[in-house]
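Each chain is listed here by its residues.
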There are 2 protein chains.
Amino acid sequence: MQGIGTQNAKMSTLDLSLYLVLDPVLCGGRKGMVATAVAAAENGVTMIQLRAEAMEKREWYEAGLVLKEALTSYCIPLIVNDHVDVALAIDADGVHIGQNDLPAESVRAMIGTKKWLGLSVSNVGQMKTVPDVVDYLGVGPVYPTQSKRNAPPALGLGKLADLVSRKCLPAVAIGGITAETVGDVLRCGVEGIAVVSAICGQQNPAQATRALREKVDGA
Amino acid sequence: MQGIGTQNAKMSTLDLSLYLVLDPVLCGGRKGMVATAVAAAENGVTMIQLRAEAMEKREWYEAGLVLKEALTSYCIPLIVNDHVDVALAIDADGVHIGQNDLPAESVRAMIGTKKWLGLSVSNVGQMKTVPDVVDYLGVGPVYPTQSKRNAPPALGLGKLADLVSRKCLPAVAIGGITAETVGDVLRCGVEGIAVVSAICGQQNPAQATRALREKVDGA
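Quantities reported herein were computed from a predicted structural model and do not represent experimental measurements. (Residues numbered from 1 in each chain as written. Chains lettered and ligands numbered in written order. Predicted model: local features only at pLDDT ≥ 70, side-chain atom pairs only at ≥ 80, totals over all residues. Heavy atoms only, no water.)

A. Up close: the interface of chain A and chain B. Tallying the contact residues gives 18 residues for chain A and 18 residues for chain B. For the chain A and chain B pair, buried surface summed over both sides reaches about 1600 Å², with 58% attributable to carbon and sulfur atoms. Of all residues in chain A, A:Lys57, A:Arg58 and A:Leu102 give up the largest surface area on contact with chain B, accounting jointly for 32% of the area buried on that side. Joining chain A to chain B, the criterion identifies ten residue pairs in polar contact (both at pLDDT 80 or more). Ranked by residues supplied to the side of chain A that touches chain B, first place goes to helix H3 (residues 84–89) of chain A with five residues. Partitioning the side of chain A that touches chain B into residue classes produces eight nonpolar, four polar and six charged. (Contact = heavy atoms within 4.5 Å. Buried area = accessible area lost by both parts, 1.4 Å probe. Polar contact = N/O pair within 3.5 Å; in protein donor to acceptor, adjacent residues only side chain to side chain. Helix = DSSP H or I, 4+ residues; strand = E, 2+ residues; numbered from the N terminus. Nonpolar A, V, L, I, M, F, W, Y, C, P; charged D, E, K, R; others polar.)

The structure is reproduced here in structure tokens:
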């Protein structure tokens, strides 16, 4: 594997502080997706995940290649949601899976040790059974969200803090987080925040990213 | 890779004569899917493809493992539709992709040379650009079908014969084929027929398979 702008992203530190989940549809298509990714990369996001629930595999593949090319000069890992085959085909820097995806152990066997592997966790039962092949957790949704189909019910800050207190891996919180709530969420003990609509589809994604970055750095 | 009931399915001859595309939903769930696969295996199908458009990856994975186990004693390749990652995770005997899936070259790079790779073709343009990493073609739909979302318009026998005359690889015809039409379809020059609803969801899948097998053998 080759990281973006590095020979081996996995060798670098995992910086989850500001994690963008990039939704091409919310960004207004492929052009908007690339512009959003670049604006976010230039203004402080530390990881970018491609998540496109309605796209066919070929579109995933093409979007992934375009993104990878656009992000060449930024040292930001590109993660692919769910589809290990897409991640392998574009040589992404990692995969993020949910509880209904392939087992983490199978995914690790396919991607090897040099790509990141993230896992979504929404409750205590899932937290107790996190396989040790996983690198980081996505915990949420913190607040109600429209960005994901069939998302579990929102945790709220209390349950988030409880869940995070049981974690054994670095974690990023996700779900309806805005610049206004970044501080509250980070105080729950996560290493970072992940956002979709707080950047994707915003009139000025660069400015939106800077606003989030400032709150993350100030927390 | 290990074939089902063999050390290497790819070493054996590709027998496309009666190809079952197994839809778990049409079969009434996982139990029905397994029963249908076994009945079909015992009565003359030569290949089985798992295709489950609405299932999540974990369900694909589990269904694939269950199928593989159930088919251990039959020498019938198990092919996975679309998802190369599922095929790799369960060590299936091959992958079947469509025109909107990952590029065939990428798929071949992932699955190696010992797994089968099939590609769906619906028109002359697609036939002209079949990559040489592909092992066989699925050509159709011959007749209108309800078994596949967003299927292209039915070809009919005339266009099927024209398309098949341009093929450079073994091909199986698919789409609304029944025991009554097997002869007509095979006369178009394909090596075999693929069916979904002519077996899946039939009251007696064993009998349905035998009826198709007799027509194939008699053609």
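Continuing now.
B. Molecular detail of helix H1 (residues 30–42) of chain B. All names here are of chain B. Spanning 13 residues, H1 covers 18 Å between terminal C-alpha atoms, matching the ideal 18 Å at 1.5 Å per step. Taken together, the buried residues of H1 touch strand S1 (18–22), strand S2 (47–50), helix H2 (57–70) and helix H8 (205–218). After H1 finishes, the residue Gly44 shows a positive phi value of roughly 120°. (Expected span 1.5 Å × (residues − 1).)

C. Seen up close, the pairing of strand S6 (residues 136–139) of chain A. Residue and element names in this part refer to chain A. A two-sided burial pattern is seen for S6, the buried positions comprising Tyr136 and Gly138 on one face and Leu137 and Val139 on the other. Bridging between S6 and strand S7 (residues 171–174) involves three bridges; their strand directions are parallel. Along S7, the bridge assignment pairs Val139 with Ala173. Since S6 and S7 lie parallel, the crossover through helix H6 (residues 156–165) that links them has a hand, and here it is right-handed. (Buried < 20%, exposed > 50% of the residue type's maximum accessible area, 1.4 Å probe, protein only. Pairing = 2+ DSSP bridges. Right-handed = clockwise from strand over helix to strand, strands pointing away.)

D. The sheet that holds strand S8 (residues 192–195) of chain A, seen in detail. Residues and elements named next belong to chain A. The parallel closed barrel is built from eight strands, whose spatial order is S1-S2-S3-S4-S5-S6-S7-S8. Strand-to-strand twist across the sheet, computed as the mean angle between neighbouring axes with direction ignored, equals 25°. Of the strand pairs in this sheet, strand S5 (residues 116–121) and S6 are connected by four bridges, and their pairing is parallel. Looking across to S6, one finds that Val121 is bridged to Val139. In the packing of helix H1 (residues 30–42) onto the sheet, contacts are made with strand S1 (18–22) and strand S2 (47–50), and the angle to S1 comes to roughly 175°. (Axes fitted to C-alpha atoms, helices over the stretch in contact; angles between N-to-C directions.)

E. Inspection of the packing of H1(A) against helix H2 (residues 57–70) of chain A at higher detail. Residues and elements named next belong to chain A. Between H1 and H2, the shortest axis-to-axis distance is 10 Å and the interhelical angle comes to 35°. Like other packed secondary-structure pairs, H1 and H2 cross with a definite hand, here right-handed. For the pair H1 and H2, the contacting residues are Arg30, Met33, Val34, Ala37 and Val38 in the first and Glu59, Glu62, Ala63, Val66, Leu67 and Ala70 in the second. Looking at the contact of H1 with H2 residue by residue, the classes come out as eight nonpolar, no polar and three charged. (Left-handed = near helix turned anticlockwise from the far one by under 90°.)

F. Focus on the relation of the copies chain A and chain B. Superposing chain A onto chain B requires a rotation of 180° together with a translation of 0.0 Å along the rotation axis, leaving an RMSD of 0.0 Å. Both copies are brought into coincidence by an operation consistent with a two-fold rotation axis. No C-alpha of chain A approaches the rotation axis more nearly than that of A:Asp85, which lies at 2.5 Å. Comparing contact sets, 100% of the residues at the interface of chain A also lie at the interface in chain B, consistent with an isologous, same-surface contact. (Least-squares fit on C-alpha atoms with pLDDT ≥ 70 in both.)

This is a description of form; function is not addressed.
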